[in-house]
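For reference, the chains in residue letters:
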Amino acid sequence: MTLSKRLFVILIGLMLLMVGCSKNQEEKQDVEDNEGRDIEVVEKETPSPYTYPLTGIATDEESTDRAISVMINNHPAARPQSGLYKADVIYEILAEGGVTRFLAVFQSEKPEIVGPVRSSRDYYIQLAKGLDSFYVFHGWSPEAKVLINEGFIDSLNGLTYDGILFKRASFRKAPHNSYITYENIVKGAEENGISLSGAPTAYTFLKEEDEVPGTEVSSVSIDYSTDDFFVEYKYDSSAENYMRYSADQQTVDYDTGEPVLVNNIFIVEMEHAVVDEKGRRDIDITSGGKALLLQKGKMQEVEWRNIDGRIVPYANGAEVSLVPGKTWINVVPSLNQVSY
């Protein structure tokens, strides 16, 4: 066989090999149904095996970070606050008079800066302890001081680190101007030999296909005291979350303008009692009672229970699952303050 004929044979062989490979590849991609018709196979992404414990949002790696709870000022002179939109869970509870204060719990997201930081009360400490969180505050009531000094909870006090880890903002006046960065929270924990590892106990969460029970409610309002502390949530059906308003102003982040968006609104009725001449309160956070739960534009009547320090919704003797996302827990003396 001449050289030219050998080259021709080799060329034909390579072409047949390429066609065969192409055919095999196509056969692997083509799938026939029972009647011999080609159907397209869509590969599904493997769901992440992990979720954040306080939001139920999927994550590629197991979250082992400890929760960090920060006391946040909600006086009108402290608004808008910094970092709230990053919090997984926020408790809103009355302090003295008709003024509410926030306990913002961070775990899945870390705020660059958070504040204004405000002083502690004993019931906030107990709720922070229920999530085994590292507790950040600036000042205290007599009852809170006792718990802190007894070592009831790992904590960082702005009275000790004022001007060091906690910084005073020039655009606000004391006591509405104490701020701390996440970096300084970590630094404060390290200086005190406190570990920031150990994720909190997880809530239970609905799956994507689960239906949310309840009556359709597009907005709900809470009248804490004066117009300055009139809270309203409005449901956005397209985004499937709630926007929060205080005194008719939407709650947004001071630094970024990002809105606070909520997926679960849990309104719980707890017994309140004024215990001193300054109007400080004793709030029963353990006995359980009536509650309302709003999710995906629907509201259901539930009860609240304190399970190992966590305030969770219950119905028919079982814990009610939350919608994956962020949760706002509003504590009120009476559900009569709630309108919808």
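Structure first, text after, so check above.
My aim in this report is to walk through the structure given alongside it, one point at a time.

Here is what the cut-offs are and how they apply
- Residues numbered from 1 in each chain as written.
- Predicted model: local features only at pLDDT ≥ 70, side-chain atom pairs only at ≥ 80, totals over all residues.
- Heavy atoms only, no water.
- Helix = DSSP H or I, 4+ residues; strand = E, 2+ residues; numbered from the N terminus.
- Pairing = 2+ DSSP bridges.
- Buried < 20%, exposed > 50% of the residue type's maximum accessible area, 1.4 Å probe, protein only.
- Contact = heavy atoms within 4.5 Å.
- Axes fitted to C-alpha atoms, helices over the stretch in contact; angles between N-to-C directions.
- Phe/Tyr/Trp six-rings, centres within 6.5 Å; stacked < 30°, edge-to-face > 60°.
- Lys NZ or Arg CZ within 6 Å of the ring centre and 35° of its normal.
- Core = buried A, V, L, I, M, F, W, Y, C linked by side-chain atoms within 4.5 Å.

Here we take up unusual backbone geometry. Following Arg79, the chain continues into Pro80 via a peptide bond in cis, with omega recorded as -10 degrees. In this fold, Pro80 is placed in the loop between strand E5 (68-72) and strand E6 (89-94). Note that the residue after Ala174, namely Pro175, is joined by a cis bond; omega there is 5 degrees. Position of Pro175 relative to the elements: it lies in the loop between strand E11 (166-168) and strand E12 (178-181).

One open sheet holds the three strands; their spatial order is E8-E12-E11, and the pairing between them is antiparallel. The sheet is open, and its two edges are formed by strand E8 (113-114) and E11, each paired on a single side. With three bridges joining them, E11 and E12 adopt antiparallel strand pairing. Its bridge partner lying in E12, Arg168 is registered against Ser178.

Moving on, we get to the environment of Val89. For Val89, the position within the fold is in strand E6. Among the residues examined, Val89 registers a relative accessible area of 0% and is labelled buried. Separated by 238 residues in the primary sequence, Val89 and Thr327 place their C-alpha atoms 4.9 Å from one another. The residues contacting Val89, other than those within four sequence positions of it, are Leu54, Leu103, Ala104, Val105, Tyr203, Thr327 and Ile329.

With that settled, consider the packing of helix H2 (residues 122-130) against helix H3 (residues 142-149). Where H2 meets H3, the closest approach of the two axes is 8 Å, and the angle between their N-to-C directions is 35 degrees. On H3, the residues that touch Asp122, Ile125 and Gln126 of H2 are Glu143, Ala144, Leu147 and Ile148.

A word on H2. H2 sits mainly inside the fold: seven of its nine residues count as buried. All of the buried residues in H2 are Asp122, Tyr123, Tyr124, Ile125, Leu127, Ala128 and Gly130. Residue Asp132 follows H2 closely and has a positive phi angle near 50 degrees.

Attention now moves to the packing of aromatic side chains. Enumeration over the complete set of coordinates arrives at eight aromatic pairs. Consider the rings of Phe137 and Trp140, whose centres lie 6.1 Å apart with planes at 35 degrees: the pair is tilted. Using a relative accessible area of 0% as the deciding quantity, one classes Phe137 as buried. Note on Phe171 and Tyr179: the rings are 5.9 Å apart at their centroids and 50 degrees apart in plane angle, and the pair reads as tilted. The structure contains a cluster of three or more aromatic residues connected by ring pairs, namely Phe102, Tyr233 and Trp328. Above the face of the Tyr254 ring, Arg172 is positioned so that its terminal group lies 5.2 Å from the ring centre.

What follows concerns the nonpolar core. Among soluble globular proteins, nonpolar side chains are generally buried collectively. Counting residues in hydrophobic clusters, the biggest one holds 43 residues, and the most contacted among them are Val70, Phe134, Val136, Ile180, Tyr233 and Ile267. Apart from the residues within four sequence positions on either side, Ile267 is in contact with Val220, Ile222, Lys290, Ala291, Leu292, Leu294, Asn330, Val332, Leu335 and Val338. Core analysis: the second largest hydrophobic core is formed by 39 residues, Tyr123, Ala128, Ala144 and Trp304 among them.

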